[in-house]
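Close look at the chain arrangement
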Amino acid sequence: MKKWKVGFIGAGGIARIAHMPGWKKLENVEVIAVSDIREEVAGAVAKEFGIPHIFTDYRKMLEIKEIDIIDICAPNAVHAPAAIASFEAGKHVICEKPLAITPGEVEDMIAASKKAGKMLMCAQNHRFRPEARILKKIIEKGECGEIYYARAYALRRRLLPPAPTFIKKELSGGGPCLDIGVHILDLVYWLMGNPKVKSVSGVALTKLAKREDIHGDWGEWDRKAYNVEDFAAGYIKFANGASMTLECSFLLNMKESEIFAGQLFGTEAGISLPWGVPPEIYTEKNRTFMIKQLVGLPQIPTHHEEIRAFVEALDKKKPSPVPPEQSLEVIKILDGIYRSSRSGKEVQFK
Ligand SMILES: NC(=O)c1ccc[n+]([C@@H]2O[C@H](COP(=O)([O-])OP(=O)(O)OC[C@H]3O[C@@H](n4cnc5c(N)ncnc54)[C@H](O)[C@@H]3O)[C@@H](O)[C@H]2O)c1
């Protein structure tokens, strides 16, 4: 079996905590290079994981011919240029979420991947939760009937990630909408079967994040530098007649510390997919309301699972486990919320 050689672009939090250990678990993979604009960060990660080459400029790293795969864990604004450069250098790409900031960037990434004949996958790790895989099968078997409405929430009371990567628009492209909204939107939209997007309306607001009297449970952030929304909500209509709401925030005056959940409503059954507690399926039989709980599912590290699926697809010459065309629709929705918020109008898609 081929031994895949991997190089990293970005060696911060998610690279060190989730991706590096994921690659290390696989026998037919070797991480041989890491690049980060902060040399000390690249150096520390290289030392911790025994990686021979470090770079501060990823373009130099891309010159290494034996690298087959690039794992992009840099801020969102770096995703598109880094992926396109990687394809031009003949590498496969797995890239952290959101795949990019705008639909145009994602289209350019897809075009570059096709031109190079190399795989592109967005690291949407929530799709790899065991309960998500089971629910997907249940829905595909038709057990929910026609799903005509869904809700997706990624709401936090006081959990704002203080790093520049998340609060400076130049790096992130947006706030909770692009950071955590993308996770729950991608998951619920995928469970719905990725219907074609028809229109999006929404708001993206900065209400609390610039206030000195508002605290964060993940530490202080630079109020002056903060230039993204702290709350967003959207209403999405699909070409098949279904619709969906999305709500996301870093800071919201609510009881719970965090709600990360999806709900899907079909003609035969409804689904509740919360975080940390078993999902439930609601039906009616013989005029009796039934609740089915999915219990006893294993807890697996989903980032490791997404990396394993990516390598398996390469080994078996299968398509990208997270098709980038699906990620493009997700970014269209999020971009649609920002555009609708600016214009005050519904954004239509052809
Ligand atoms: N899937 C998840 O659960 C999850 C969780 C956190 C972050 N993320 C995503 O991962 C990405 C990184 O987030 P993070 O939390 O690791 O942020 P981070 O700030 O901890 O790390 C980002 C790293 O990228 C480096 N960097 C910046 N520009 C670069 C460039 N041009 N070339 C190489 N390196 C560069 C920075 O120096 C930093 O070390 C973001 O896209 C974020 O949305 C995903």
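As the structure is a prediction and not an experimental result, all values here were calculated from the model.

Topic: the overall build of the protein chain
Of regular secondary structure, the protein chain possesses 11 helices and 15 strands. Counting only C-alpha atoms, the protein chain reaches 65 × 50 × 40 Å along its principal axes. Considering only residue pairs separated by 6 or more positions, the protein chain has 73% of its internal contacts joining residues 24 or more positions apart. Taken as a whole, the protein chain presents about 16000 Å² of accessible surface, with 53% of it coming from carbon and sulfur. Distance between charge centres in the protein chain, computed from 49 positive and 44 negative side chains, equals 3 Å.

Structural notes on the packing of helix 9 (residues 176-191) against helix 11 (residues 324-343)
Where helix 9 meets helix 11, the closest approach of the two axes is 10 Å, and the angle between their N-to-C directions is 130°. Classified by the interaxial angle, the pair formed by helix 9 and helix 11 is oblique. Both helix 9 and helix 11 take part in a crossing whose hand is right-handed. For the pair helix 9 and helix 11, contact is made by Cys177, Leu178, Val182, Leu185, Asp186, Tyr189 and Trp190 and by Gln326, Glu329, Val330, Ile333, Leu334, Ile337 and Tyr338, respectively. In terms of residue class, the contact of helix 9 with helix 11 is built from 11 nonpolar, one polar and two charged.

Some thoughts on the domain arrangement of the protein chain
Annotation of the protein chain at the domain level lists domain 1 (4-124 + 303-319) and domain 2 (127-299 + 331-348). On a C-alpha basis, the centres of domain 1 and domain 2 stand 26 Å from each other. Listed as interface residues are 16 residues of domain 1 and, on the opposing side, 15 residues of domain 2. With both chains or domains summed, domain 1 and domain 2 bury close to 1400 Å², and 66% of this area falls on carbon and sulfur atoms. Counting the surface domain 1 buries against domain 2, the share from its top three residues, Lys97, Ile101 and Gln124, is 41%. Remark: the boundary between domain 1 and domain 2 carries one salt bridge. Of the charged contacts in the structure, one is a salt bridge between Lys97 and Asp179, with a shortest N-O distance of 2.8 Å. For the pair domain 1 and domain 2, the interface holds five residue pairs in polar contact (both at pLDDT 80 or more). For the side of domain 1 that touches domain 2, the elements supplying multiple residues, two or more each, are helix 4 (76-88), helix 5 (103-116) and helix 10 (302-315). In terms of residue count, helix 10 provides more of the side of domain 1 that touches domain 2 than any other element does, three residues in total.

A look at the nonpolar core
The nonpolar side chains of a soluble globular protein tend to be buried, and buried together. Ranked by size, the top nonpolar core spans 84 residues in total, and within it Ile72, Met192, Phe238, Met244, Leu246 and Leu334 carry the most contacts. Val31, Ile51, Cys73 and Ala309 belong to the second largest nonpolar core, which has 30 residues in total.

Notes on the site of the ligand
Around the ligand there are 25 residues in total, and Gly13, Asp36, Arg38, Asn76 and Thr165 lie nearest to it. Between the ligand and Glu96 there is a distance of 3.1 Å, counted from a nitrogen atom to a side-chain nitrogen or oxygen. Within the backbone of Lys97, a nitrogen or oxygen atom sits 2.9 Å from an oxygen atom of the ligand. Starting from 840 Å² of accessible surface for the ligand in isolation, the protein chains cover 85%. Elements supplying a minimum of two residues to the shell around the ligand: helix 1 (13-24), helix 4, helix 7 (164-167) and helix 9. No other element matches the three residues that helix 4 contributes to the shell around the ligand. Looking at the shell around the ligand residue by residue, the classes come out as 10 nonpolar, 10 polar and five charged.

What to know about the pattern of salt bridges
Counted under the stated rule, the structure contains 20 salt bridges. For Glu140, the salt bridge identified is with Lys136, shortest N-O distance 3.7 Å. In this pair, Glu140 and Lys136 are both assigned in helix 6 (residues 130-140), four residues apart and thus about one turn of the helix distant. Looking at Lys136, the relative accessible area reads 12%, which means it is buried.

Let's talk about the sheet that holds strand 13 (residues 280-285)
Strand order across the open sheet formed by nine strands is 14-13-12-11-7-10-9-8-15, with mixed pairing between neighbours. Here the strands that pair on one side only, and so sit at the sheet edges, are strand 14 (288-293) and strand 15 (347-348). As paired strands, strand 12 (residues 270-273) and strand 13 are joined by three bridges and run antiparallel to one another. Looking across to strand 13, one finds that Ser272 is bridged to Glu280. Across the face of the sheet, helix 9 comes into contact with strand 7 (147-156), strand 8 (197-205), strand 9 (231-238), strand 10 (243-249), strand 11 (258-266) and strand 12 while running at roughly 150° to strand 10.

Quick word on the pairing of strand 10
Burial analysis of strand 10 places six of its seven residues in the buried class, the great majority of the element. As defined by bridge partners, strand 9 adjoins strand 10 across seven bridges and the pair is classed as antiparallel. In the strand pairing of strand 10, Tyr235 is matched with Thr245. The hairpin formed by strand 9 and strand 10 contains four residues between the paired strands, and Gly241 there has a positive phi angle of roughly 95°.

A few points about the sheet that holds strand 6 (residues 120-122)
One open sheet accounts for six strands, arranged 3-2-1-4-5-6; its pairing is parallel. One side of each edge strand has no neighbouring strand; the edge strands of this open sheet are strand 3 (53-55) and strand 6. Ignoring strand direction, the axes of neighbouring strands in this sheet form an average angle of 20°. Taken together, the three bridges between strand 2 (residues 29-35) and strand 3 define a ladder with parallel strand orientation. Looking at the pairing, Val34 lines up with Ile54 of strand 3. Seen against the sheet, helix 10 touches strand 1 (4-9), strand 2, strand 4 (69-72), strand 5 (92-95) and strand 6 and runs at an angle of roughly 160° to strand 5.

Calculation criteria
- Every chain begins its residue count from 1, and numbering advances along the sequence as written.
- The model is predicted, so local features are restricted to residues of pLDDT at least 70 and side-chain atom pairs to those at 80 or more, both for listing and for counting; the totals for chains, interfaces and linings are taken over all residues.
- For side-chain calculations, the full set of non-hydrogen atoms in the structure is used, while hydrogens and water are omitted.
- Secondary structure follows DSSP: runs of H or I at least 4 residues long count as helices, runs of E at least 2 residues long count as strands, and numbering of each begins at the N terminus.
- It only takes one pair of heavy atoms within 4.5 Å for two residues to be counted as in contact.
- Only the protein chains shown count as cover for residues, and all accessible areas are computed by the Shrake-Rupley method using a 1.4 Å probe.
- When charges are counted, Lys and Arg contribute as positive and Asp and Glu as negative, whereas His and the chain ends are disregarded.
- Where a charge sits is defined by one atom per residue type, namely NZ (Lys), CZ (Arg), CG (Asp) or CD (Glu).
- Here an angle of 0 to 180 degrees is reported between the N-to-C directions of two axes, which are lines fitted to C-alpha atoms, with helices fitted over the stretch in contact.
- Any angle that falls under 35 degrees is termed roughly parallel, while one over 145 is termed roughly antiparallel, one within 65 to 115 roughly perpendicular, and all others oblique.
- Crossings are sorted by hand: turned counterclockwise from the far helix by less than a right angle, the near helix makes the crossing left-handed, and turned clockwise it makes it right-handed.
- Amino acids outside the nonpolar list (Ala, Val, Leu, Ile, Met, Phe, Trp, Tyr, Cys, Pro) and the charged list (Asp, Glu, Lys, Arg) are all regarded as polar, and Gly is one of them.
- A domain assignment, automatic or from a database, supplies the domain bounds used here.
- In this description, buried area is defined as the sum, over both parts, of the accessible area (probe of 1.4 Å) that is lost when the two are combined.
- Salt bridge, as used here: a side-chain nitrogen of Lys or Arg that lies within 4 Å of a carboxyl oxygen of Asp or Glu.
- Definition of a polar contact: a pair of N or O atoms within 3.5 Å, with one able to donate and the other able to accept a hydrogen when the atoms are protein atoms, and with sequence-neighbouring residues admitted only if both atoms are side-chain atoms.
- Put simply, buried Ala, Val, Leu, Ile, Met, Phe, Trp, Tyr and Cys residues joined by side-chain atoms within 4.5 Å make one nonpolar core.
- Remark: exposure states derive from per-residue accessible area (1.4 Å probe, protein chains only) relative to the maximum for the residue type, with buried under 20%, exposed over 50%, and partly exposed in between.
- The cutoff for a nearby residue is simple: one of its non-hydrogen atoms must lie within 4 Å of the molecule or strand.
- Strand pairing is defined by DSSP finding a minimum of two bridges between the two strands.

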